[in-house]
Amino acid sequence: MRPSEQWASATPRYLADPVITVDNLSIDYMGETTTHAVRDVSFTLGRGEIFGLAGESGCGKSTLAYGITRLLKPPALITSGSATFHSREGFSIDMSQLRGEDLRAFRWDKISLVFQGAMNSLNPVINIQAQIEDIFTTHRPEMGKRARVLKCGDLLERVGVDRSRLRSFPHELSGGMRQRVMIAMAMALDPQVMIMDEPTTALDVVVQREILDEITRLRADLGFAVIFITHDLPLLLEISDRIAVMKAGQIVEMDTAYDLYTHPQNDYTKRLLASFPSLTGDRGDFIRTGVADLQLTETAQEATE
Amino acid sequence: MTTFNPLDEQGAPPVVVAAPRSSFTQLLPSASPKLVVGLSIAVLIILWAIIGPFVVGDPNAISTQEFLPPGSHGHLLGTTETGQDVWSQIAYGTRGSLIIGFVVGALATVLSGIFGILGAYIGGVLDEGFALFTNVVLVIPGLPLVIVIGNYIPVSQRGIFLIAVVLALTGWAGSARVLRAVTLSIRNRDYVAASRVSGERTWRILVIEILPNLIPVMASQFVFAIIFAILGEAGLSFLGLGASNTFTLGTILFQAYNDLALTQGAWWWFVPAGLVIALFGCALSLINFSIDEIINPKLRNSTRAVRRKWGLSAAQIRELEGENIK
Amino acid sequence: MRFYLQKLVFYVVALWAAVTLNFLIPRLMPGNPVDILIAKMGATGQPVTPQTRASLAIALGQGGSTNWFVQYGDYIVNLFHGNLGVSVTDFPASVTTVIAQALPWTIGLIGLSTLISFILGIGLGVLAGWRRGSWLDNLIPVTTMFQAVPYFWLALILVLLLTRLSHIFPFAGGYDVYGGLVPGLTPDFLGSVLYYGFLPALTIVLSSIGGWMLGMRNMMVSTLSEDYILTAEAKGLRPYRVRLTYAARNAVLPSFSGFAISLGFVVAGSIVTEEVFSYPGIGQLLWTAVSNDDYALMQGIFLVISVSVLLANLVVDLLYALIDPRTRARS
């Protein structure tokens, strides 16, 4: 039975065991004219689920993720709604109410992030070890120095980077390595959710494949949920359990990956799916589901006549 | 004493790269209170410098009424040790100082442009040579050099323009270094590469693609050079190396100091000259602030006043501020 | 390694330039310094013999061969022996001795004031950049305005206010000469030095702090929008760590490299400040040399100032390479 079918039976698992519930969340960018970046978005993230968030640039997917984790900067403001975190220990926290010290302690421990373009996501003037270590010195002060260094090395090796790279500086690492370091940092406190914002967009396809394999392997080992944000829908179709398609700040369709691929309901979803060229099928076939782009095939036919 | 625009790792200010052939108005500063105040004061002083000397009396006219305090009949700001009218002297002095300021500003900008922009764009050995030359000039201390040179020049030949040239020659290096860094970073951007590949001529690329992005930086440096020149001239004159037969704010200060104005309590001779320099410098600094905000839009004001303008409630503003300082 | 070599080469070239400049200036300028001096001595009624002329000529480096290249060679050799000629002001004391007496005062005053100004300015800049829109932002125009004020005018106003109108501080000197204090590492002497040095230091700090503060604050604002700051905040790090190790550490870099440039300006300002406060440093010495047409001393001072500034620049450059790990990779 396909995993997605497992989800579709009885009460969907994501509802039975949710880790994040987002309720009618709206985020605006204040200014001379107010921009409604996220409009009334609701969804539930199941424990251990890979949830894909797809959409074109500017549709609000990153804003949504930052809003949930309270990383928005002025002039962005959450205007309504809430995001609740359900810890595996049994308690729930309304993330929009967290303040100050509580917010700081919550961060990274329960939800961590992997940003896009690790080119600039690492502090250029301190070495890798320092950057991973300060997660521990802040959140796990009871750890001794030796235990910390050991753990840092372990984390690196887990993502496939040699332990000796601890003393390197970010500019001495390749793009792929830097992204792996980011993933290692994200895993440091054994979080329950990892939000990944275009983690592989800036990398070449071979490295992309390696990183994705790494992520799915780690998820299988450690059981964290993933919100995977990208504009690359085919990628999501491959790795996600469920996918939400966003357009202009709203979720226009949300379904299991398989169902979204085979039976897209919304026009926009259909257009998105139609925009990715197919490797198989007739020349000019732009849709993987086999439905040809009528306009294009007609033109091709005219040309051959 | 120098102000630094924020620089990236190559030492280049993060220039807001306008799309090629963008409108000129995008480059103009927004009318913030700082800019308005700065411009008004600066314009007032410039007008005073131009019109003043035609309106006031003869600054050289000595009289027997020494050390009169301000307000004494006919002398708005009092008199000097030789009974000269301070008010007239200030008028002529402002003109002299401003002339030096603008001449040096122009000269230094041209020089820094040549050594900074041209060298960086052409690249290769020329660039290395120019860069080395710039750095050496930068590192050799300017004022002592000027003092030593200045001392060899006979007093009669020390005119305003000579002072201006000397100041320009010692003041262009810092700007050249910054311009070089900016040009290098722009030169590596995609749209310049595209122009080159599509066969555009060098001078066209320079003028149309690169120069418009340099204008805010150069404007800021021009303003800064003026401040540097006026202060530098004041310093030189104070040391006795200033222009010999023209009034500048520096020479007035020199005279006042030498004639023991302060010990005699004649503060009105000494204070106004420095005050004019300070005011003009402040005005120019304010203008520079506004230019800074063009160069780096992140500096634009997002204070409470602006946020209130957006129609946010007090609670929302507090919320925004709370989010900012996490 | 290549980086250090490049730096060394640069500083050697700069040093050579300064030294050669020093050699060329008197020879390129109109008028013969020896003649000017003789005329002056004659005017004051001092006896001038052919021997005086000859020794003066040698002291001013005009003696010996008339071939410039040979003179240059002699000049360089003399430099290596620390022989900068003879001072006319303090005849027959050597220029080296005279300078050696004045140099420590200037290094102490300038060095300390610049450091204080730098540290304070950077610190305030970090605060101002972190808390945007706060009252600190309003402090910036004020301090920047202090920068537009001529050093010496500010100094003289301070002198007027704090030494003549209210006798809080002394208005001249490096230490209490009349109180019978002898230079030495005694608390009395050092205390006196600090007391006398306070006003000149204050002038320098006030005039330059604005620049550091503004530069640092602008850079902080830029840096705070970088991606790694977002990462640091997302990691739940404490605010002070984000502010210091992530933001300030990166934001201070351009100011640091700019510190070297500003040294030249500081030297310039100090010359005037020392004159105003009659502070027994190099600046005042230069002033005296200029007034007395003491060419040998003037050139000696110029050389010493150049070398000091170059040395300071070199130190700052090396420090910079230490705090920014990308520098070595870039060269």
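Residues numbered from 1 in each chain as written. Chains lettered and ligands numbered in written order. Predicted model: local features only at pLDDT ≥ 70, side-chain atom pairs only at ≥ 80, totals over all residues. Heavy atoms only, no water.

(A) Quick look at the overall build of chain C. From N to C terminus, chain C includes 13 helices and zero strands. When the elements of chain C are put in sequence order from the N terminus, they spell out α-α-α-α-α-α-α-α-α-α-α-α-α. Looking at the 331 residues of chain C, the share that counts as buried comes to 55%. If you take every contact in chain C between residues at least 6 apart in sequence, the share linking residues at least 24 apart comes to 72%. (Helix = DSSP H or I, 4+ residues; strand = E, 2+ residues; numbered from the N terminus. Buried < 20%, exposed > 50% of the residue type's maximum accessible area, 1.4 Å probe, protein only. Contact = heavy atoms within 4.5 Å.)

(B) Structural context of the overall build of chain A. The helix and strand inventory of chain A stands at twelve helices and ten strands. Going through the 305 residues of chain A one by one, you find that 54% of them count as buried. Counted over contacts in chain A with a minimum sequence separation of 6, partners at least 24 positions apart contribute 65%. Accessible surface computed for chain A: about 13700 Å², of which carbon and sulfur atoms make up 49%. (Areas by Shrake-Rupley, 256 points an atom, 1.4 Å probe, with all protein chains shown as cover.)

(C) Up close: the confidence of the model for chain C. All names here are of chain C. Mean pLDDT over chain C stands at 77; residues scoring 70 or higher make up 79%. Across chain C, the secondary-structure element scoring lowest on mean pLDDT is helix H2 (residues 33-43), at 68, and the one scoring highest is helix H9 (residues 227-234), at 90. ipTM for the predicted complex: 0.82, alongside a pTM of 0.77. (pLDDT = per-residue confidence, 0-100.)

(D) Unusual backbone geometry, seen in detail. Residue and element names in this part refer to chain A. Backbone geometry places Asn24, a non-glycine residue, at a positive phi of 50°. Examined against the element boundaries, Asn24 turns out to sit in strand S1 (residues 18-29). In the Ramachandran plot, Asp190 falls in the positive-phi region, its phi being about 55° despite a non-glycine side chain. On the secondary structure map, Asp190 appears in the loop between helix H7 (175-187) and strand S7 (193-197).

(E) Looking closely at the sheet that holds strand S2 (residues 35-46) of chain A. Residue and element names in this part refer to chain A. Across the sheet, four strands lie side by side as S2-S1-S4-S5; this open sheet has antiparallel pairing. Sheet topology places S2 and strand S5 (92-94) at the edges, where each strand pairs with a single neighbour. Neighbour-to-neighbour, the strand axes of this sheet turn through a mean angle of 0°, independent of strand direction. In this structure, S1 lies alongside strand S4 (residues 76-86), joined through eight bridges in antiparallel fashion. Paired with Ser26 across the two strands is Ser80, which belongs to S4. Those strands touched by helix H3 (residues 61-68) are S1, S2 and S4, and its axis lies near 115° from that of S1. (Pairing = 2+ DSSP bridges. Axes fitted to C-alpha atoms, helices over the stretch in contact; angles between N-to-C directions.)

(F) Focus on helix H5 (residues 128-139) of chain A. Helix length check: H5(A), at twelve residues, gives a terminal C-alpha distance of 18 Å against a target of 16 Å (1.5 Å per residue), a fit within 8%. Summarising burial for H5(A): ten of the twelve residues are buried, a large majority. All of the buried residues in H5(A) are Ile128(A), Gln129(A), Gln131(A), Ile132(A), Glu133(A), Asp134(A), Ile135(A), Phe136(A), Thr138(A) and His139(A). On its buried face, H5(A) is in contact with helix H4 (100-106), helix H6 (145-158) and H7 of chain A together with helix H10 (239-277) of chain C. (Expected span 1.5 Å × (residues − 1).)

(G) Region of interest: the pairing of S1(A). Residues and elements named next belong to chain A. By the criterion of burial, S1 is predominantly enclosed, with nine of the twelve residues buried. Looking at chain direction, S1 and S2 are connected through eight bridges and run antiparallel. Directly across from Pro18, in S2, lies its bridge partner Gly46. Hairpin connection, S1 to S2: the antiparallel pair is bridged by five residues.

(H) Layout of the sheet that holds strand S3 (residues 50-54) of chain A. Residues and elements named next belong to chain A. Spatial strand order, S6-S7-S8-S3-S9-S10: six strands in an open sheet with mixed pairing. One side of each edge strand has no neighbouring strand; the edge strands of this open sheet are strand S6 (111-114) and strand S10 (250-256). Pairs of neighbouring strands in the sheet enclose a mean axial angle of 15°, with direction left out of account. Of the strand pairs in this sheet, S3 and strand S8 (residues 225-230) are connected by five bridges, and their pairing is parallel. Paired with Ile50 across the two strands is Val226, which belongs to S8. Strands in contact with H3 are S3, S6, S7, S8 and strand S9 (242-247); relative to S8, the strand with the most contacts, it is inclined by about 145°.

(I) Up close: the packing of helix H7 (residues 190-197) of chain B against helix H8 (residues 202-238) of chain B. Residues and elements named next belong to chain B. One way to put it is that H7 packs onto H8 with a least axis distance of 11 Å and a crossing angle of 175°. Overall, the two elements H7 and H8 adopt an arrangement that is roughly antiparallel. Between H7, through Tyr191, Val192, Ser195 and Arg196, and H8, the contact on the second element is made entirely by Ile205, Glu209, Ile210 and Asn213. Here the contact of H7 with H8 is built from residues that sort into four nonpolar, two polar and two charged. (Parallel < 35°, antiparallel > 145°, perpendicular 65-115°, else oblique. Nonpolar A, V, L, I, M, F, W, Y, C, P; charged D, E, K, R; others polar.)

(J) Spatial organisation of the side chain of Asp197(A). All names here are of chain A. Its location among the elements puts Asp197 in strand S7. Buried Asp197, no salt bridge; nearest opposite-charge side chain is Lys61, N-O distance 6.4 Å. Within polar-contact distance, the side chain of Asp197 engages the side chain of Ser62 at 2.9 Å. Beyond its immediate chain neighbours, meaning those up to four positions away, Asp197 contacts Ser62, Tyr66, Val114, Phe115, Gln116 and Ile229. (Lys, Arg positive; Asp, Glu negative; His and termini not counted. Salt bridge = Lys/Arg side-chain N within 4 Å of Asp/Glu carboxyl O. Polar contact = N/O pair within 3.5 Å; in protein donor to acceptor, adjacent residues only side chain to side chain.)

(K) Representation of the pattern of salt bridges in the model. Residues and elements named next belong to chain A. Tallied over the entire structure, the rule returns 25 salt bridges over all chains. One salt bridge in this structure joins Arg140 and Asp109, with 2.9 Å as the shortest N-O distance. With Arg140 in the loop between H5 and H6 and Asp109 in the loop between H4 and S6, the pair connects residues that are 31 residues apart, well separated along the chain. The partly exposed category is assigned to Arg140, whose relative accessible area is 24%. In this structure Asp109 comes out as buried when scored by relative accessible area, which is 15%. Two residues, Arg163 and Asp154, come together in a salt bridge whose shortest N-O distance is 2.7 Å. Among the residues examined, Arg163 registers a relative accessible area of 27% and is labelled partly exposed.

(L) Structural detail: the confidence of the model for chain A. All names here are of chain A. Here chain A shows a mean pLDDT of 83. Residues at 70 or above account for 87%. The low-confidence segment residues 287-293, where pLDDT is below 50, has ten contacts with residues more than four positions distant or belonging to other chains. The model gives residues 295-300 a pLDDT under 50, and that stretch makes three contacts with residues more than four places away or in other chains.

(M) Structural detail: helix H6 (residues 173-187) of chain B. Residues and elements named next belong to chain B. With 15 residues, H6 extends 21 Å from end C-alpha to end C-alpha; this agrees with the ideal 21 Å at 1.5 Å per step. Within H6, the full set of buried residues consists of Ala173, Ser175, Ala176, Leu179, Ala181, Val182, Thr183, Ser185, Ile186 and Arg187. Buried-residue contacts for H6 involve helix H2 (86-122), helix H3 (124-139), helix H5 (160-171), H7 and H8.

(N) View of the packing of H2(B) against H8(B). Residue and element names in this part refer to chain B. Here H2 crosses H8 at 145°, and the two axes come no closer than 7 Å. Crossing angle aside, the handedness with which H2 passes H8 is right-handed. Looking at the contact of H2 with H8 residue by residue, the class counts come to 20 nonpolar, five polar and one charged. (Left-handed = near helix turned anticlockwise from the far one by under 90°.)

(O) Representation of the packing of aromatic side chains. Residues and elements named next belong to chain B. Across all of its chains, the model carries 14 aromatic pairs over all chains by this definition. The interplanar angle of 35° and the centroid separation of 5.8 Å between the aromatic rings of Phe133 and Trp172 together place this pair among those described as tilted. In this pair, Phe133 is assigned in helix H3 and Trp172 in the loop between H5 and H6, connecting sequence segments 39 residues apart. With a relative accessible area of 4%, Trp172 lands in the buried category. Consider the rings of Phe238 and Tyr257, whose centres lie 4.8 Å apart with planes at 45°: the pair is tilted. Of this pair, Phe238 sits in helix H8 while Tyr257 is found in helix H9 (residues 249-258), placing the two residues 19 residues apart along the sequence. (Phe/Tyr/Trp six-rings, centres within 6.5 Å; stacked < 30°, edge-to-face > 60°.)

(P) Here's a closer look at the side chain of Ser240(A). Residues and elements named next belong to chain A. Considering the arrangement of structural elements, one finds Ser240 in the loop between helix H9 (233-239) and S9. Residue Ser240 is classed as buried on the basis of its relative accessible area of 8%. Apart from residues lying up to four places away in sequence, Ser240 is in contact with Ile50, Gly52 and Ala257.

(Q) Quick look at the environment of Leu77(A). Here Leu77(A) lies in strand S4. Sequence spacing of Leu77(A) and Ala37(A) is 40 residues, and the spatial spacing of their C-alpha atoms is 9.8 Å.

(R) Layout of the pairing of S9(A). Residues and elements named next belong to chain A. With five of six residues buried, S9 is to be regarded as a mostly interior element. When S3 meets S9, the two strands line up parallel, connected through four bridges. The residue of S9 that forms the bridge with Gly52 is Ile243. Two elements, S9 and S10, share six bridges in a ladder whose sense is antiparallel.

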